[in-house]
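# Structural overview
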Amino acid sequence: MRINSFFYTIGQGFKNLGRNKWYTLASVATISACLFLFGIFYAIITNFEHVVKTAEEGVSVTVFFNEGTTEDQILAVKSDLENRTEVREIVYVSAEEAWQGFKDEYLGEYSDGFTENPLADSANLQIYLNDVSMQTALVTYAESISVVREVNRSEVTANTLSGLNKLIAYVSAGIIVILLLVSIFLISNTVTMGIQVRKDEINIMKYIGATDFFVRAPFVVEGILIGIIGSLIPLVIVYFVYKNAISYVASKFTMLSSLLNFLPVEIVYNKLVPISLAIGIGIGFFGSFTTVRKHLHV
Amino acid sequence: MERGYRRKRSNRQIPEDEVITLENVTKSYSTGAPALNGVTLHIKRGEFVFIVGDSGSGKSTLIKLLLRELVPTDGEITVLGYNLRRIKHSKIPKFRRNLGIVFQDFRLLKDRNVYENVAFAQRIVQTPSRDIKRNVPSILATVNLAGKYKNKINQLSGGEQQRVALARALVNKPAILLADEPTGNLDPNNSWEIMKLMEQINENGTTVIVVTHNREIVNAMKKRVITMKKGVIIEDEEEGMYIDED
């Protein structure tokens, strides 16, 4: 293809946007509406996931040891457990630290009566997990270690969080699939309408001797441009809606805001921008590519 | 573009100056009688041919076969050395660049002006921009539209629109001009003007094939006339007449 023909087809893609104003408007509006819903949904899901993740990070398994277990033995168990995939972090709490913590929290000045450490055998390892669903495997392993006396865990919390995680994954996948199907249906209708208007143009091009590529290229460029515009508009809208919504919730519902730690808009947009652009461009590209193909056999 | 002598299934050698050859061509659709039934036809380079006949006689099917919009059910069609039964899909654009096409309903791009409509045909065959700037005004002058190159299509009369269509068909210097009812939507004056332009184009060496119902024009121009009826050629005469079969 000649370089001027290449630029011509690109240029025609841009010009087509203006030539078919109503079609462009309808397509952009359709993509924008779908991606706006997607953006809002994505922001909610991401925040929900963040809340669950934060809760998960606070869940720990505590391992206590038999009487007489030395610090070296405990540290050996620690380094052994640190090699396991379930483990994110292990904090060693010595008997002295445990007693100090207990005193600070519950006894205060009344602790002076104690001459010895009543929690002499309470040295423990606090284990934080990568994923709460892995808790059972880790606990089973820890309980099999000979010097381990007891393993404390919160099964209900772990199960609830693990269940929530799965629920989020299924609901997200379901809603995304429905949104994509609706988008594709709407876009293909809009593109079909647009192509119908320009069926004559495609026919003329084919009669004159245009190659399939030459016929298709301006429509595909146009589809991609519509996809880009259609994804940028909702990105801008969702940006302001999200920013205002989180500051509104933070100011109006102070109790909620201490529970729900909203993600900053920049974090949400790190992934939302490329995903929305990819969906918009993808829909624009495949919508125009496949619809034009139907009219190429002239 | 022509490829000299070719051996065909009928064992007939295609003479070098023959640009269109149909040998026993049949085109059937899924229902009804064949639209073309065993048609044999030879057209030489530089000829001016009218194809006439009533509705349903097979004229439009013939044009579609020559454009390779349709494939014959049986028989062989060779146009400018291209065997249209066997041509690959990827070669069809190159083949069509040898043809100029004019339709009854003009089929112009209404959102573009006169210049852009003609330049469009050159863009499609990837003519360099500097050549387009030279060729388009030249062809518009040939069809007497040099002064209207900036006009939008809806600002033109029917005759002018057909002249733009003619300019678009000719700008790529086709070996064959196919016109499907080119005067069907025009008044007598504009019809004559278009036919005179086609005659002029033919005198410059382009083979011209006109499908028409316009008896007055056919009978006045004294060209080869092929008359079709119910999918077969019933008459083929040099300087023929369009006679009402009924």
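Quick caveat, the model's predicted, so the values are computed rather than measured. (Residues numbered from 1 in each chain as written. Chains lettered and ligands numbered in written order. Predicted model: local features only at pLDDT ≥ 70, side-chain atom pairs only at ≥ 80, totals over all residues. Heavy atoms only, no water.)

## Considering the interface of chain A and chain B
Where interface size is given, it is often the accessible area lost as the parts come together that is meant. Contacts between the two partners involve 21 residues from chain A and, on the opposite side, 24 residues from chain B. Approximately 2,200 Å² of surface area, both sides summed, lies buried where chain A meets chain B, with 56% of it carried by carbon and sulfur atoms. On the chain A side of the contact with chain B, A:Ile204, A:Tyr207 and A:Ile208 bury the most area, a combined 33% of that side's loss. Remark: the boundary between chain A and chain B carries 1 salt bridge. Note that B:Arg112 and A:Glu201 form a salt bridge whose closest N and O atoms lie 2.9 Å from each other. Across the chain A-chain B interface, the total number found is 6 residue pairs in polar contact (both at pLDDT 80 or more). (Contact = heavy atoms within 4.5 Å. Buried area = accessible area lost by both parts, 1.4 Å probe. Salt bridge = Lys/Arg side-chain N within 4 Å of Asp/Glu carboxyl O. Polar contact = N/O pair within 3.5 Å; in protein donor to acceptor, adjacent residues only side chain to side chain.)

## Examining the side chain of B:Thr212
Within the secondary structure, B:Thr212 sits in strand β8 (residues 207-212). What B:Thr212 contacts, discounting residues up to four positions off in sequence, is B:Phe50, B:Ile51, B:Val52, B:Gly53, B:Glu181, B:Thr183, B:Val218 and B:Tyr242. (Helix = DSSP H or I, 4+ residues; strand = E, 2+ residues; numbered from the N terminus.)

## Some remarks on helix α6 (residues 188-203) of chain B
Residue and element names in this part refer to chain B. With 16 residues, α6 should reach 22 Å at 1.5 Å per residue; the first-to-last C-alpha distance of 22 Å fits that figure. All of the buried residues in α6 are Asn-190, Ser-191, Ile-194, Met-195, Leu-197, Met-198, Glu-199, Ile-201 and Asn-202. The inward-facing, buried residues of α6 abut β3 (48-53), α4 (129-142), α5 (158-170), β7 (176-180), β8 and α7 (215-221). (Expected span 1.5 Å × (residues − 1). Buried < 20%, exposed > 50% of the residue type's maximum accessible area, 1.4 Å probe, protein only.)

## Describing the sheet that holds strand β1 (residues 18-27) of chain B
Residues and elements named next belong to chain B. Reading across the sheet, the 4 strands line up as β2-β1-β4-β5 and stay open at both edges, with antiparallel pairing between neighbours. Lying at the two open borders of the sheet, with one neighbouring strand each, are β2 (36-44) and β5 (82-83). Pairing of β1 with β2, which is carried by 6 bridges, proceeds in the antiparallel orientation. Paired with Leu-22 across the strands is Leu-41, a residue of β2. Here helix α1 (residues 59-66) sits on the sheet in contact with β1, β2 and β4 (74-79), set at roughly 120° to β1. (Pairing = 2+ DSSP bridges. Axes fitted to C-alpha atoms, helices over the stretch in contact; angles between N-to-C directions.)

## Description of the sheet that holds strand β9 (residues 224-229) of chain B
Residues and elements named next belong to chain B. Here 6 strands make up an open sheet; going across it, the order is β6-β7-β8-β3-β9-β10 and the pairing mixed. At either margin of the open sheet sits one strand with a lone partner, and together these are β6 (99-103) and β10 (232-237). Along the sheet, successive strands turn relative to each other by an average axial angle of 15°, direction set aside. Note: β3 against β9, 5 bridges, orientation parallel. Looking at β9, one finds that Val-52 is bridged to Thr-227. Each of β6 and β7 touches α5; the most contacted strand, β6, lies at about 165° to it.

## Side note on the nonpolar core
Counting residues in each nonpolar core, the largest one holds 56 residues, and the members touching the most others are B:Phe50 and B:Met198. Apart from the residues lying within four places of it in its own chain, the contact partners of B:Met198 are B:Phe48, B:Leu166, B:Leu177, B:Ala179, B:Pro182, B:Val208 and B:Val210. Among the nonpolar cores identified, the runner-up in size contains 34 residues, and A:Tyr207, B:Val79, B:Ile176 and B:Met228 belong to it. (Core = buried A, V, L, I, M, F, W, Y, C linked by side-chain atoms within 4.5 Å.)

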